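Structural characterization, general
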Amino acid sequence: MLADSHCHLNYKGLIEDQAGMLARARDRGVTAMLNISTRESEWDAVIATAEREPDVWATVGIHPHEADAHPHIDTAKLVERARHPRVVGIGESGLDYYYDHSDRERQQASFRAHIAACRETGLPLIVHTRDAEGDTAAILAEEMGKGAYPGVIHCFTASGAFADKALALGFYISISGIVTFKSAKDLQDTAARLPLDRLLVETDAPFLAPVPHRGKTGEPSFVADTAKFLAELRGETVEQLTTATAENFHRLFAKTRA
Ligand SMILES: [Zn+2]
Ligand SMILES: [Zn+2]
């Protein structure tokens, strides 16, 4: 078992040969892929892939980059689309103060609307956070006070202190191919000590191809390389790491077991 907890199968670079890309992933043992939405215009296509492929599931959400362009997407809209049997999570949503492609207050309002949708549906939140640790942690904690909701910090690159806060709130942490980069020493130190029962792996394909594929278009088959690196880093066997992260994936995204 091997689960890619975060990929964008309908993005340019992957959509052109979705069948080949899925075959290569299955060849390398990938048994589950979560196809993540970033804007309303792609929801139909993202869900359609999940309807067609038994090992692909979908999310609905608005990326923080897109918050300005989606003032009309509220909690009710998210909840409505999340009723679809192949939609198993809400996101990706969060805060990105590195690019600041959307107004920060709009990013925060959108983030809170997504969290409310998680509370209403029971589905997990997929959190994107970049250069926004303080506000992300504050909003996650404050919203948790209004009622618990499950979730994952995707493509984790934040500090160890942020990881501890997220774990304390019950969140899972998903590690991408960035962990294989030579420059990622701090991330490697954090990834080495995360509890195995809260760990996920992802590609964020078509982005962030791991070593030894750097520079290529990322694809879900590469999650096997990230899992292998992570297992060595943590002193676990590849099988231990892949089994545990896949079990975690299906426990967190419980609707995949329906
Ligand atoms: Zn992201
Ligand atoms: Zn993403």
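Residues numbered from 1 in each chain as written. Chains lettered and ligands numbered in written order. Predicted model: local features only at pLDDT ≥ 70, side-chain atom pairs only at ≥ 80, totals over all residues. Heavy atoms only, no water.

1. As for the packing of helix α2 (residues 43-52) against helix α3 (residues 75-82)
Spelled out, the test is: For helices, the fitted axis covers only the stretch in contact; all axes are lines through C-alpha atoms, and the angles between them, taken along N-to-C directions, range from 0 to 180 degrees. Helix and strand assignments follow DSSP, with helices taken as H or I runs no shorter than four residues and strands as E runs no shorter than two, numbered in order from the N terminus. Reported orientations rely on four angle classes, namely roughly parallel under 35 degrees, roughly antiparallel over 145, roughly perpendicular from 65 to 115, and oblique for the rest. When the near helix sits turned anticlockwise from the far one by under a right angle, the crossing is termed left-handed; a clockwise turn instead gives a right-handed crossing. The contact rule is simple, with two residues in contact once any of their heavy atoms fall within 4.5 Å. The classification used treats Ala, Val, Leu, Ile, Met, Phe, Trp, Tyr, Cys and Pro as nonpolar, Asp, Glu, Lys and Arg as charged, and all other residues, Gly among them, as polar.
Look at α2 against α3: their axes get within 12 Å of each other, and the N-to-C directions meet at 25°. Judged on the interaxial angle alone, α3 and α2 are roughly parallel. Both α2 and α3 take part in a crossing whose hand is right-handed. Mapping the contact onto sequence places Trp43, Asp44 and Ile47 in α2 and Lys77, Leu78 and Arg81 in α3. In terms of residue class, the contact of α2 with α3 is built from 3 nonpolar, no polar and 3 charged.

2. Description of the pairing of strand β3 (residues 56-60)
Note the threshold: Relative accessibility under 20% of the residue-type maximum defines a buried residue, over 50% an exposed one, and the middle range a partly exposed one, all with a 1.4 Å probe and only protein chains included. Only when DSSP finds a minimum of two bridges between them are two strands counted as paired.
For β3, the tally of buried residues reaches 5 of 5 residues, placing the bulk of the element in the interior. The alternating pattern of β3 places Val56, Ala58 and Val60 on one face and Trp57 and Thr59 on the opposite face, and all of these are buried. Sheet topology note: the strand β2 (residues 32-35)/β3 ladder contains 3 bridges and is parallel. Following the sheet pairing, methionine 33 is matched in β3 by valine 56. As paired elements, β3 and strand β4 (residues 87-96) share 3 bridges and run parallel to each other. Considered in β4, the bridge of valine 60 is made with isoleucine 90.

3. Things to note about the coordination of the zinc ion (ligand 2)
Stated formally: Distances define the donors: N, O and S atoms within 2.8 Å of the metal qualify, as do those within 3.2 Å of Na, K or Ca. Water is excluded, so some sites may look unfinished. The geometry test gives tetrahedral to four donors whose angles all lie between 85 and 135 degrees, gives square planar to four donors and octahedral to six donors whose opposite members are over 155 degrees apart with all other angles between 65 and 115, and gives irregular to the rest.
All of the protein donors around the zinc ion (ligand 2) are His6 (NE2), His8 (NE2), Glu92 (OE) and Asp204 (OD); their distances to the metal are 2.1 to 2.5 Å. What the 4 donor atoms of the zinc ion (ligand 2) show is an angle range of 84 to 176° at the metal, which sorts the shape as irregular. Between the two metals, the zinc ion (ligand 2) and the zinc ion (ligand 1), the spacing is 3.5 Å, and glutamate 92 donates to both. One end of the pair, histidine 6, is in strand β1 (residues 3-7); the other, glutamate 92, is in strand β4, and 86 residues separate them in sequence.

4. Describing the UniProt feature "binding site: a divalent metal cation 1" (unreviewed entry) in the protein
Using the following cut-off: UniProt positions are given in the numbering used here, feature names are shortened, and annotations may be inferred rather than shown by experiment. N or O atoms closer than or at 3.5 Å make up a polar contact, with two conditions inside protein: a donor-capable atom paired with an acceptor-capable one, and, for residues adjacent in sequence, both atoms drawn from side chains.
UniProt's feature table lists "binding site: a divalent metal cation 1" (unreviewed entry) at His6, His8, Glu92 and Asp204, given in the numbering used throughout. In three dimensions, the annotated residues from a span of 199 residues occupy one location, with a maximal C-alpha spread of 11.1 Å. Overall, histidine 6 belongs to the buried group, its relative accessible area being 0%. On the basis of relative accessible area, glutamate 92 is assigned to the buried category, the value being 2%. With sequence-adjacent residues up to four places away left out, glutamate 92 is seen in contact with His6, His8, Ile36, Ser37, Thr38, Gly61, Ile62, His63, Pro64, Ile126, His128 and His154. Of the polar contacts made by the side chain of glutamate 92, one reaches the side chain of histidine 128; its length is 3.1 Å.

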